[in-house]
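A look at the structure
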Amino acid sequence: MAAKSKGKAVSRRGFLGGATVAAGAATLGFPAIVKAQGPVTMRWQSTWPTKDIFHEFATDFATKVNDMSGGDLKIEVLPAGAVVKAFDLIDAVSKGTLDGGHGVIAYWYGKNSALALWGSGPAWGMDGNMLLAWHKYGGGKELQQEIYRSLNLDVVSFLYGPMPTQPLGWFKKPITKPEDFKGLKFRTVGLSIDIFTGLGAAVNALPGAEIVPALDRGLLDAAEFNNASSDRALGFQDVSKICMLRSFHQSSEQFEVIFNKKRYDALPAKMKALIANAVDAASADMSMKAIDRYSKDYQALQQQGVKFYATPNSVLQAQLKIWDEIVARKEKENPMFKKVNDSMKAFAQRSTKWQNDTDVDFRLAANHYFSKKG
């Protein structure tokens, strides 16, 4: 019994001694030794094929988060179709099948038509950067969250990466007037479906990876996607040599990163702040990378025999007229559509005047330095 008691005493003294050392270390400012925990890992999917620069933008964002967290958070981004189809991404994230994803709001157009206002149409004359400013500072984010709640989408969304004006599309011959769209089998998404349907096209909303094969097989006569780099990577130049630039169908779109809300809410506040700042950093970096890469691929496409044409003003004016009809119809069908559109309009009314009054016409300088001289 005595030996047993002595053993207990030694054990207790050892425990107290260890506690005293730990307390002393803490007092002296030495870090306490705790059991190491592994990093938070997340499996994401984009809505883009691997070869598309958009998937690269998705991985760029993940890399920024991974690096900024010092390895405490690790996001792995899979390409479209790896787990679910592109248009099913937000449901998969909401249900927790995926921890997050990268796409565009226009892909969720079928859930609530108001969501397409974040990318489709002329946006009251705003470009992508101005629309993103409305989203962040003009009430757009709160309206988007209201819509997602009404749809029971258990996600946390961040918009970033304002896109340049998208081309009208790729065609067998140049578009010279609105009537050229009559009966054309055409690919687009979001409320752009309504715009091109209004022009007389038969629209099919295919994901990016399916467009060129459909053009090649004759299932489509023409299609739009987004930009010189994406279009070149997808192989548009192999099935068409005519691309029309400038359009109001998607002149102010931006990207979206989404987290499963339960996974996001479980993160510490410091990591949530890191993510928010990574979004802004990725947005700026994407805009700069786009200028570099899109201009290079624009040049390369021309070297591959692609002819680029400016969309005639008659087609642009027809788009605006049709858009007004779409808006009037959608606002009657969907009160949230009107609520979002009114908010966007109020922001655009002052911001577009400021921008248009302030910005110089840079084309004058570019023509001065680079136009061919006789």
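Here is a short report on the structure shown in this document. (Residues numbered from 1 in each chain as written. Predicted model: local features only at pLDDT ≥ 70, side-chain atom pairs only at ≥ 80, totals over all residues. Heavy atoms only, no water.)

1. Comments concerning the layout of surface pockets
To be explicit about the condition: Note on definitions: the grid is 1 Å and covers protein atoms alone; a cavity is a set of points where a 1.4 Å probe fits but cannot get out; a pocket is an open set with protein on both sides within 12 Å along at least five of seven lines; lining residues have an atom within 4 Å of a point. Grid points are joined across faces, edges and corners, and a volume is the space filled by probe spheres set on the points. Secondary structure elements follow DSSP: runs of H or I no shorter than four residues count as helices, runs of E no shorter than two count as strands, and numbering proceeds from the N terminus. Amino acids are sorted into nonpolar (Ala, Val, Leu, Ile, Met, Phe, Trp, Tyr, Cys and Pro), charged (Asp, Glu, Lys and Arg) and polar (every other residue, Gly among them).
Taken as a whole, the second largest pocket holds about 220 Å³ of empty space. In this structure, the second largest pocket is lined by Lys141, Gln144, Gln145, Tyr148, Arg149, Asn152, Leu153, Asp154, Val155, Val156, Ser157 and Lys261. Those elements giving two or more residues to the lining of the second largest pocket turn out to be helix H5 (140-150) and strand S4 (155-162). Taken together, the residues that form the lining of the second largest pocket break down as four nonpolar, four polar and four charged.

2. Thoughts on empty space enclosed by the protein
One pass over the structure, following the stated rule, counts three cavities of 30 Å³ or more. The volume enclosed by the largest cavity comes to roughly 80 Å³. Lining the largest cavity are 13 residues; nearest its centre among them are Val104, Tyr107, Phe225, Asn226 and Glu253. Tallied by class, the residues present in the lining of the largest cavity amount to seven nonpolar, three polar and three charged.

3. Structural notes on the side chain of glutamine 166
Basically, it comes down to this: The definition of a polar contact used here is a pair of N or O atoms within 3.5 Å, where within protein one atom must be able to donate a hydrogen and the other to accept one, and adjacent residues in sequence count solely through side-chain atom pairs. Only heavy atoms matter for contacts: two residues are in contact if any of them lie within 4.5 Å across the pair.
You can see glutamine 166 is positioned in the loop between S4 and strand S5 (169-171). Here asparagine 226 takes part through its side chain, which lies 3.5 Å from a polar atom of the side chain of glutamine 166. Beyond its immediate sequence surroundings of up to four residues, glutamine 166 is in contact with Glu224, Phe225, Asn226, Arg246, Ser247, His249, Gln250 and Glu253.

4. Some details on the packing of helix H2 (residues 53-68) against helix H10 (residues 269-303)
For any two helices packed against each other, the geometry is given by the interaxial angle and the distance between the axes. Put simply, the rule is: Axis lines are fitted to C-alpha atoms, over the contacting stretch for helices. Their N-to-C directions set the angle, which ranges from 0 to 180 degrees. To sort the angles, those under 35 degrees are grouped as roughly parallel, those over 145 as roughly antiparallel, those from 65 to 115 as roughly perpendicular, and the leftovers as oblique. For any helix crossing, the convention is left-handed if the near helix is rotated counterclockwise from the far helix by under a right angle, and right-handed if that rotation is clockwise.
Close contact between H2 and H10 brings their axes to 9 Å; oriented N to C, the two are set at 140 degrees. Relative to H10, the element H2 is oriented oblique. In this structure, H2 crosses over H10, and the sense of that crossing is right-handed. Class assignment of the residues belonging to the contact of H2 with H10 gives a composition of 15 nonpolar, one polar and six charged.

5. Observations regarding H5
Definition in use: In this scheme, a residue with accessible area under 20% of its type's maximum is buried, one over 50% is exposed, and one in between is partly exposed, where area comes from a 1.4 Å probe on protein chains only. Arc, as used here, means the arc of the directions from the helix axis to the C-beta atoms.
Inspection of H5 places Gly140, Leu143, Gln144, Ile147 and Tyr148 among the buried residues, and these make up the whole buried set. On an axial view of H5, the arc spanned by its buried residues comes to 140 degrees, and they lie on one face. Exposed side chains of H5 directed beyond 90 degrees from the buried face belong to Arg149 and Ser150. With its phi angle positive at about 55 degrees, asparagine 152 sits one or two positions after the end of H5.

6. So, the pairing of strand S1 (residues 40-46)
Where a strand is regular, its side chains alternate between the two sheet faces. Rules: We treat two strands as partners when DSSP finds at least two bridges between them. If you view a crossover with the strands going away from you and the path from the first strand over the helix to the second runs clockwise, you call it right-handed.
Here six bridges tie S1 to strand S2 (residues 73-78), and the two strands are oriented parallel to one another. When the sheet's bridge partners are listed, threonine 41 is paired in S2 with lysine 74. Tracing the backbone out of S1, into H2 and back to the parallel element S2 gives a crossover that is right-handed. Summarising the sheet, S1 and strand S3 (residues 100-103) pair through three bridges and their orientation is parallel. Paired with serine 46 across the bridge in S3 is histidine 102.

7. Looking at the side chain of asparagine 66
Mapped onto the elements of the fold, asparagine 66 is located in helix H2. Classification of asparagine 66 by relative accessible area gives buried; the value is 19%. Not counting residues within four places of it along the chain, the set of residues in contact with asparagine 66 comprises Gly71, Leu73, Lys74 and Ile75.

8. Section: helix H7 (residues 208-216)
Within H7, burial applies to Gly208, Ile211, Val212, Ala214 and Leu215. On an axial view of H7, the arc spanned by its buried residues comes to 160 degrees, and they lie on one face. Where the residues of H7 are buried, they touch strand S6 (185-187), strand S8 (222-223) and helix H8 (228-234). Looking one or two residues past H7, glycine 218 carries a phi angle of roughly 85 degrees, positive in sign.

Such coordinate-based values are descriptive only and should not be taken to indicate function.
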